[in-house]
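Residues per chain are reported as follows:
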Amino acid sequence: MTNQYLFNKIETKWQKRWKESKIHSPDLTKSMKKYYALTMWPYPSGDKLHIGHWYNYGPADTYARFMKMKGYNVFQPQGFDAFGLPAENYAIHHKVHPALSTEKNIATMKKQLDSIGAMYDWQNEIRSCAPEYYKWTQWLFLKLYDMGLAYRKTAPVNWCPSCGTVLANEQVKDGVCDRCKEQVTKKELTQWFFKITDYAEELLQNLDELDWPEKTKHMQQNWIGKSVGANIIFKIKEYDDTIEVFSTRSDTIFGATYLVLAPEHPLVKNIIPSEYKETVDSYIAITKEKTEIERMSLDREKTGVFTGVYAINPLSKAEIPIWVADYVVSSYGTGAIMAVPSGDERDFEFANEFGLPIIEVVSPDGELHGNDQCYSDYGISVNSGEYSGKPTESVQKLINAQLDELGCGGAKIQYKLHDWLISRQRYWGTPIPIIHCPACGIVPVEMNELPVLLPEDIKLSSTYGDELSPLAASDSYINVKCPKCGGDAKRDADTMDTFVCSSWYYLRYPNAHYSEGPFDPDRLKWLPVDCYIGGAEHATMHLLYARFITKALRDGGYLNFDEPFTKLYHQGTITRDGTKMSKSRGNTVSPDEFIENYGSDTFRAYLMFMGPFDEGADWSDQGITGIDRFLKKVWRFCQLPDSHNSSSKKDLQVLHHTIQTVSSDLEHMKFNTAISRLMEFINHFSNYEEIESSFKLNLIKMIAPLTPHIAEELWEINGGGESVFLEAFPEFDAALAEEDTIAIAVQVNGKLRGNIEVVKTLEKDALLLEARKHENVHHYLAGKEIIKEIVVPQRLVNFVVK
RNA sequence: GCCGGGAUGGUGGAAUUGGUAGACACGCUGGUCUUAGGAACCAGUGCCCUUGUGGUGUGAAGGUUCGAGUCCUUUUCCCGGCACCA
């Protein structure tokens, strides 16, 4: 054999050819049989491509290439989520301007992305930090502002001291910053929000129709957190103020024996009588010092103090004490509850702790059971005035109606979802296109003035750590004339959360350099994205934001579809020794070393072979030799001299069966088993010295999506055309794929006692006869009475004997 | 605490959805070729034993069935998400 598999030479050769021939740039003016395959864009923070990138992009490309060979017009773009904190921190650390370090990092990353051998259409590359892109992110902001979906409010927000910026709810996990793991504190700030809550119901409803992992849908469902109940307004005795609470169990209102306000509730400041002030203030001071973690820990005892004030139950007119306790959180509902100790475990515990009254209002059977236990299910109302004796579900409806009539509340739906806080007190992001004028207030920048460019004269890191944004320090940037009155005004000093950049980027790819608008209306026929692949960690962030922005733009008249990503897939995680790879653990695996030794085809195929794509697998250094051997066998097989004898029936059967299983596996992204099937194929022919040419060509087409470089080279060597990716994926012939004879298992009492080889068409009776003839089976049947004979066509025979 | 997902050889993982458990690989053992091999090829490899087409075996214990990795009940552990959500 003269011809050796020199992966290095082959891979550079084909990467160059693909680039030159622009084979990966489809004609986007035509959308017949379009297939928009997208992966989540990478974040050029300064690291090399790590194994996680490869595990996302390699298999995703295999799928895209498979779809192309299935006859689709595939568009697979790539770009860079280049704005953001890590990029800015990287720049500060290396003492360069983020624009420069980002550009350098992107250049490195692009080279590495090329080594994957993916069919990226670099003609339509996007960088979120490019003015030609962020101009339209600003456009998006202004459109949302026009639609009343972007607004400013003062609220206690999450502040990360280490990042020096506020964070959205979604970016705080267990009380710490999702990025840097620093404790997040609360700050009262005036910030921009996007009104995602307007879409809570639709975001929830549409989940049903999406071809997404159930897990992800569940997470979004929980995050949106819909609960159906009622709001109830309590008057405060001797005050004009009222307290509004939300309850899912308004039917238990007669059992409300006290109200609880969260320590952060605004009324706490106003209504406390002087003799109670000291106690309440010191309690609030203590709770403030507790961290989120401490407040969330479950086993801790309930604490609280009485305010000295009473509220009046709108239905029973009972006077009930108002307490302050930190088991009520300010961020949900109204930050206040009516406590019904007989029907809620938490209230029950609190009432017992502080000797508050308990009134039984729900009974499972209509009888009274006393107050020494809590019953939280539905049942029959008791001790509830005119409602007593009725089923609680109907009581709830009646009470909601009555509350409404009395002007004291009524039926209400409450969501956990909060509006999206998008202001960031950092430099490296899209400037918010708003001017604050002392005379005119908030004035949006005119559309034709966009983009509002990021200033370059910035002293980075100088102002970080307090709430003043770096942009505020740039005089040339911050000081402007008001577009309305011409007077002195200031620009908004904040930039937008990077998730705003990624909430719409998929709309721009089909015409990435379009200058007339954010997206070419004509190219929208490429939308929505047919298949989106990326990490599951974005379930309640990016993936929720993108859905919201799509719906908002639809309502603005810019889009005619409801959902951005028709089908979603998450790659799993590659672990090392059972744990996540991380630099701090020192258990990372660098792809480069393996690509150098084995080539990128081998590397990406190995990643796919390790385990199911959505589950990931544990990395092993030596496992890759299996793929290495396989590709060498493929290479050798494709160098075999052509045979001119017609192939055996068995060979044809193996070929067609392989086509059948590999097609179906690739279709379902079961890359690991697809590779196994191809290994079986190659093993079948391991000792052949010549082979009919069509076998080679079919094999090459089948491995092409998985290992594109070697496939192209072998295709060329075997006299194929310009590129194997212009070919169709092989079709199988069902008749040829089946074997004539099959092995039937013969069991006696469910235990395997033999195998028989029979023709497929054999009738049941003949089959039983054959089975009985089997020597070992015969032995087990001897002297026994056959009670039952079970025949599973083409599988097994089971004799039940006594 | 609640909601998801999972547990199969020494290792990664297969299993037509109730029908021969362990495909395909890695590793290991033995062999062939070789000056050599971290190359290639061949054979073997769940466990146990009395080596028989013997017993046993899919986290554990029960159950349904002719037949269970797959269905049901109980239970242990692991991973992900949410968490005093009223």
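Note that this is a predicted model, so its numbers are computed, not measured.

**Things to note about the overall build of chain A**
In terms of regular secondary structure, chain A is built from 26 helices and 34 strands. Judged by the C-alpha coordinates and their principal axes, chain A covers about 105 × 85 × 50 Å. A separation of at least 24 residues holds for 72% of the contacts in chain A among residues at least 6 apart in sequence. Of the charged side chains in chain A, 86 are positive and 110 negative; the average position of the first set lies 4 Å away from that of the second.

**Concerning the packing of aromatic side chains**
The final tally for this structure, using the stated rule, is 54 aromatic pairs. Between Phe66 and Phe729 the ring centres are 5.0 Å apart and the planes differ by 80°, which places this aromatic pair in the edge-to-face class. In this pair, Phe66 sits in helix α2 (residues 51-69) while Phe729 sits in the loop between α23 (708-717) and α24 (734-737), placing the two residues 663 residues apart along the sequence. Like Phe66, the residue Phe729 is buried in the burial classification. The interplanar angle of 75° and the centroid separation of 5.7 Å between the aromatic rings of Phe75 and Trp526 together place this pair among those described as edge-to-face. Taken together, the residues span a long stretch of sequence, with Phe75 in strand β2 (residues 73-75) and Trp526 in the loop between α15 (505-508) and β26 (529-533) at a distance of 451 residues. Across the pair, Trp526 and Phe75 agree in class, each one buried. Clustering of aromatic rings is evident, with ring pairs tying together Phe141, Tyr145, Trp192, Phe194, Tyr199, Trp420, Phe499, Tyr545 and Phe548. In this structure, Lys195 packs its charged tip against the face of Tyr151, placed 6.0 Å from the ring centre. Geometry around Tyr327 places Lys302 over its ring, the cationic atom sitting 5.4 Å from the centre.

**Re a positive patch on the surface**
Together, Lys173, Lys181, Lys580 and Arg585 give the surface a local cluster of positive charge. As for its position among the elements, Arg585 is in the loop between β29 (579-580) and α17 (591-598).

**Re the sheet that holds strand β30 (residues 616-618)**
The three strands lie next to each other as β29-β28-β30, forming an open sheet whose pairing is mixed. Each having just a single partner strand, β29 and β30 make up the two edges of the open sheet. As defined by bridge partners, strand β28 (residues 573-576) adjoins β30 across three bridges and the pair is classed as parallel. Residue pairing for β30: Ile574 is matched across the bridge by Ala617.

**Focus: the domain arrangement of chain A**
Structurally, chain A comprises domain 1 (227-414), domain 2 (623-736) and domain 3 (740-801). A separation of 69 Å is found between the C-alpha centroids of domain 1 and domain 2.

**Re the nonpolar core**
With 171 residues, the main nonpolar core has Trp420, Tyr506, Trp619 and Phe637 as its most contacted residues. Here the element with the most residues in this core is α2; it accounts for ten residues. Here Trp619 is in contact with Ile51, Ile574, Thr575, Arg576, Met581, Val589, Phe594, Phe603, Tyr606, Leu607 and Met610, once residues within four sequence places are set aside.

**Some words on the pattern of salt bridges**
Tallying each qualifying case throughout the model produces 37 salt bridges. Taking the shortest distance from any N to any O, the salt bridge between Arg604 and Asp61 comes out at 2.9 Å. Residue Arg604 is found in helix α18 (residues 600-609), and its partner Asp61 is found in helix α2; the two are separated by 543 residues along the sequence. By the burial criterion, Arg604 is buried, and Asp61 matches it. Put simply, Glu202, Arg547, Lys551, Arg554, Asp555, Asp562 and Glu563 are held in one network by salt bridges that share partners.

**Digging into helix α7 (residues 214-224)**
Residues of α7 that are buried include every one of Thr216, Lys217, Gln220 and Ile224, and no others. End-on, the buried residues of α7 take up no more than an arc of 100°, which puts them together on one face. Along α7, the residues that are exposed and aim more than 90 degrees away from the buried face are Glu214 and Lys215. For α7, the elements touching its buried residues are α6 (200-205), α16 (542-555) and β27 (565-569). Trailing α7 by a residue or two, Gly225 shows a phi angle of about 55°, which is positive.

About the thresholds
- Residues numbered from 1 in each chain as written.
- Chains lettered and ligands numbered in written order.
- Predicted model: local features only at pLDDT ≥ 70, side-chain atom pairs only at ≥ 80, totals over all residues.
- Heavy atoms only, no water.
- Helix = DSSP H or I, 4+ residues; strand = E, 2+ residues; numbered from the N terminus.
- Contact = heavy atoms within 4.5 Å.
- Lys, Arg positive; Asp, Glu negative; His and termini not counted.
- Charge placed at Lys NZ, Arg CZ, Asp CG, Glu CD.
- Phe/Tyr/Trp six-rings, centres within 6.5 Å; stacked < 30°, edge-to-face > 60°.
- Buried < 20%, exposed > 50% of the residue type's maximum accessible area, 1.4 Å probe, protein only.
- Lys NZ or Arg CZ within 6 Å of the ring centre and 35° of its normal.
- Patch = residues over 30% accessible without salt bridge, like charges linked within 9 Å, V, L, I, M, F, W, Y side chains within 5 Å.
- Areas by Shrake-Rupley, 256 points an atom, 1.4 Å probe, with all protein chains shown as cover.
- Salt bridge = Lys/Arg side-chain N within 4 Å of Asp/Glu carboxyl O.
- Pairing = 2+ DSSP bridges.
- Domains from an automatic or database assignment.
- Core = buried A, V, L, I, M, F, W, Y, C linked by side-chain atoms within 4.5 Å.
- Arc of directions from axis to C-beta.

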